[in-house]
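Chains, contacts and geometry: an overview
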Amino acid sequence: MEAFGAVVAGSGRPPTVADALRVLAAVPVAADGPGMVDQLRQFEDVKALVAARQAEVTVAFDLQQRREQAAAGVPAGEQGTGVAAQVALARRESPARGGRLLGLAKALTGMPRTYAAFRSGQLNEWRTTLIVKETACLSVEDRAAVDEELAADTGTFDGAGDRAIISAVKAAAYRKDPRSVAKRASHAVNERTVSLRPAPDTMARLTALLPVAQGVAVYAALTKEADRLRAVGDGRGKGQIMADTLVERATGVKGGVSRIEVQLVMTDRTLLQGDSEPARLTGYGTVPAAWARKVTIDGLARSKEELTVWVRRLYTAPATGDLVAMDSRARLFPHGLRRFIQVRDNVCRTPYCDAPIRHDDHIIPWRKDGPTSAGNGQGLCEACNHTKETPGWSAKPVPVPGTRHTVLLRTPTGHAYASTAPALPGTSLAGTKGWAGTEARKTPPPSTVTPPVDLPGVRRRAGPGPGRDAASRNSPVRNSIQVLGRAGPAGQYRWFQP
Ligand SMILES: [Zn+2]
C-alpha cells in the first residue's frame with residue numbers, strides 16, 4: 001500500500017479509486033485460518049472506509065450542485081433539488097434511500113468523532129446511520145455535544161450491538177435536550193402509515209404504523225369480533241377471523257377483493273393450457289401459475305356475488321417481449337393507455353426505484369411536443385416525477401433493437417441511465433431496469449398468435465385486440481392476458497379491450 005501515499009509510485013499522479021480497486025482485487029485469500037480471519041476484519045474496515053469516503057464525496061457533490069444551481073438562478077429554497085436522486089442513481093439505490101444517504105453524509109459533517117469512528121471501521125455504515133438518526137431531532141450544537149460525549153472514535157462502542165448503540169445515543173440526546181426528544185415523540189404521529197410487503201407463499205404483510213391508542217383499539221376490535229364469532233361456533237382460528245375481519249372492514253366487502261381491482265398478468269398458455277410460466281400480480285410481484293389460475297376460476301365461481309373477472313388480451317412482440325403500442329392525440333393519458341403503461345412498467349421506471357406508479361408521465365413533455373403515446377409514456381412515482389422536472393434533468397424514449405421499451409434518463413452531470421420495461425410473464429428477463437449500454441441479445445423464435453379459447457361462461461368481445469396497428473397485425477404477436485377481478489354487473493368472464 002506504499003503506492004497509495006500522495007501520489008501513485010512512479011507516475012507522479014494522485015491515486016484514483018480504480019487504482020485502489022485493482023490493488024484490492026489482486027489481494028490473494030490468506031493461506032491459513034488466522035490470516036483469513038484477519039482478512040475478514042480488514043475487508044470490513046475497507047468497506048467502512050469506502051462508505052465514509054462516499055459520505056465525504058456526497059457532501060462535496062451537494063455543495064457543488066448547489067453552487068451550480070445558484071449560478072443558474074435557482075431560488076435559494078429550491079437549491080439542492082435532485083441531489084439525492086443523483087446520489088441514488090450513482091449508488092444503485094432507490095431515490096428514498098438516496099435521500100437518507102445524503103442526510104447521513106451532511107449530518108456527519110457536524111459529528112467529527114462519529115465520522116472518525118466510521119472512517120476507521122469502528123462503526124459501519126448502518127451503525128453510523130443509527131447514531132445520526134437518534135440525534136436527528138437535536139440542534140446542530142446539541143448534536144455536536146452528543147458526538148463529543150459519545151466519543152465513538154475512542155472505542156466507546158467496541159463490542160456494542162445495534163440496540164446498545166441506540167440506547168446509549170438516546171440517553172445522551174435526552175440529557176442534552178429533553179424537550180426536543182419529547183417533541184419528536186409528539187411529531188411521530190405524523191409518520192402514521194400503512195404499507196404492504198410481499199411475504200412467501202403468495203402471502204403479503206400489511207403493516208400499519210399507528211399512534212399507540214389507535215393501534216390497540218384496532219387490535220382489540222378484531223379480537224372482540226373473533227371471540228364473538230368463535231363463541232357462536234365459527235370454526236376458523238382466532239387469527240384467521242381477525243385477518244378476515246380486517247380485510248372485510250377495510251374493503252367494505254365480504255371476502256375483500258371484489259370492489260378493488262386486482263390486476264393479474266399472465267400468458268394465455270398459463271390461463272388456458274396449464275402452462276407453468278408464473279404470472280405477475282400488479283403491486284405484489286411474481287405469483288405461481290396454478291395460484292393465478294385458481295384466483296381466476298374462483299372469480300368465476302363467485303360471479304353471483306357481483307364479482308366479474310375481466311380478461312384483457314395484451315400482445316407482446318415475440319422477439320423482445322415489448323407490449324404492442326397504442327397512441328392517442330389527447331394530452332391526458334386516456335384510461336386504456338394509462339392501464340397499458342401501468343401493466344408494462346409495473347413500478348416506477350426510475351432505475352432502482354420500486355415505488356408504486358402514481359403519475360403517467362410524458363417522457364418528452366407535452367409542452368415540448370411530446371406525444372401522448374405508449375412510446376412516450378412512462379409510469380413514475382411522485383418523487384421521481386418531481387425530480388425529472390428539475391433543471392438539468394432530461395429523458396427520452398430510445399429505440400434499442402432487440403429489447404423492450406427503453407427510456408434514457410440524463411442527470412445534470414451528464415450521466416445517462418437506461419430503464420428498460422420489466423419482463424412480462426412469458427418473456428425473457430434480459431434488459432430490465434437499470435441496464436445501461438447495448439449488448440447483443442438472442443432473439444427467441446417468433447411464436448404465433450394462439451387463437452383465443454373459450455372458457456366456460458366466458459363471453460368474448462368482438463373486434464381486434466387492443467392497440468394493434470397495421471405493423472403489428474402483420475407480425476406474429478404473443479398473447480398475454482391480464483385478468484382483472486373487479487366489481488361489475490353480475491356476469492361472467494369477458495374479453496375486454498382498453
Ligand atoms: Zn420513483
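Procedures and definitions
- Residues numbered from 1 in each chain as written.
- Predicted model: local features only at pLDDT ≥ 70, side-chain atom pairs only at ≥ 80, totals over all residues.
- Helix = DSSP H or I, 4+ residues; strand = E, 2+ residues; numbered from the N terminus.
- Expected span 1.5 Å × (residues − 1).
- Buried ≥ 20, exposed ≤ 12 C-beta atoms within 10 Å, placed from the backbone.
- Contact = placed C-beta atoms within 7 Å.
- pLDDT = per-residue confidence, 0-100.
- Core = buried A, V, L, I, M, F, W, Y, C linked by C-beta atoms within 7 Å.
- Pairing = 2+ DSSP bridges.
- Axes fitted to C-alpha atoms, helices over the stretch in contact; angles between N-to-C directions.

Attention now goes to helix H4 (residues 95–108). Because each turn of an α-helix spans 3.6 residues, side chains separated by three or four positions in sequence point in the same direction. Over its 14 residues, H4 extends 20 Å from the first C-alpha to the last, a length consistent with the 20 Å expected when each residue adds 1.5 Å. Taken as a whole, H4 has its buried residues at Pro 95, Gly 98, Leu 101, Leu 102, Leu 104, Ala 105, Ala 107 and Leu 108. Along its buried surface, H4 packs onto helix H2 (33–71), helix H3 (83–90), helix H5 (112–120), helix H6 (125–134) and helix H15 (382–388).

This brings us to the confidence of the model for the protein. Detailed reading of the predicted model is not advised wherever pLDDT is low. Averaged over the protein, the pLDDT score is 79; the fraction of residues at 70 or greater is 75%. Note on residues 434–479: pLDDT is under 50 here. Beyond four places in sequence and across chains, it has 81 contacts. In this model, residues 484–498 is a region of pLDDT below 50 whose contacts with residues beyond four sequence positions or in other chains number 62 contacts.

Now for the nonpolar core. Core analysis: the largest hydrophobic core is formed by 37 residues, its most contacted members being Leu 104 and Leu 108. Those elements giving two or more residues to this core turn out to be H2, H3, H4, H5, H6, helix H7 (140–150), helix H8 (162–176) and strand S12 (406–410).

Ordered in space as S11-S12-S13, the three strands form an open sheet in which the pairing is antiparallel. Of all strands in the sheet, those with a lone pairing partner are strand S11 (394–397) and strand S13 (416–420), marking the two edges. The sheet shows a mean angle of 20 degrees between the axes of neighbouring strands, direction not considered. Pairing geometry for S12 and S13, over five bridges, is antiparallel. When the sheet's bridge partners are listed, Val 407 is paired in S13 with Ser 419.

A word on the environment of Ile 166. Summarising the element assignment, Ile 166 is placed in helix H8. With 31 residues separating them along the chain, Ile 166 and Thr 135 place their C-alpha atoms 10.0 Å apart. Those residues in contact with Ile 166 that lie beyond four places of it in its chain are Leu 130 and Glu 134.

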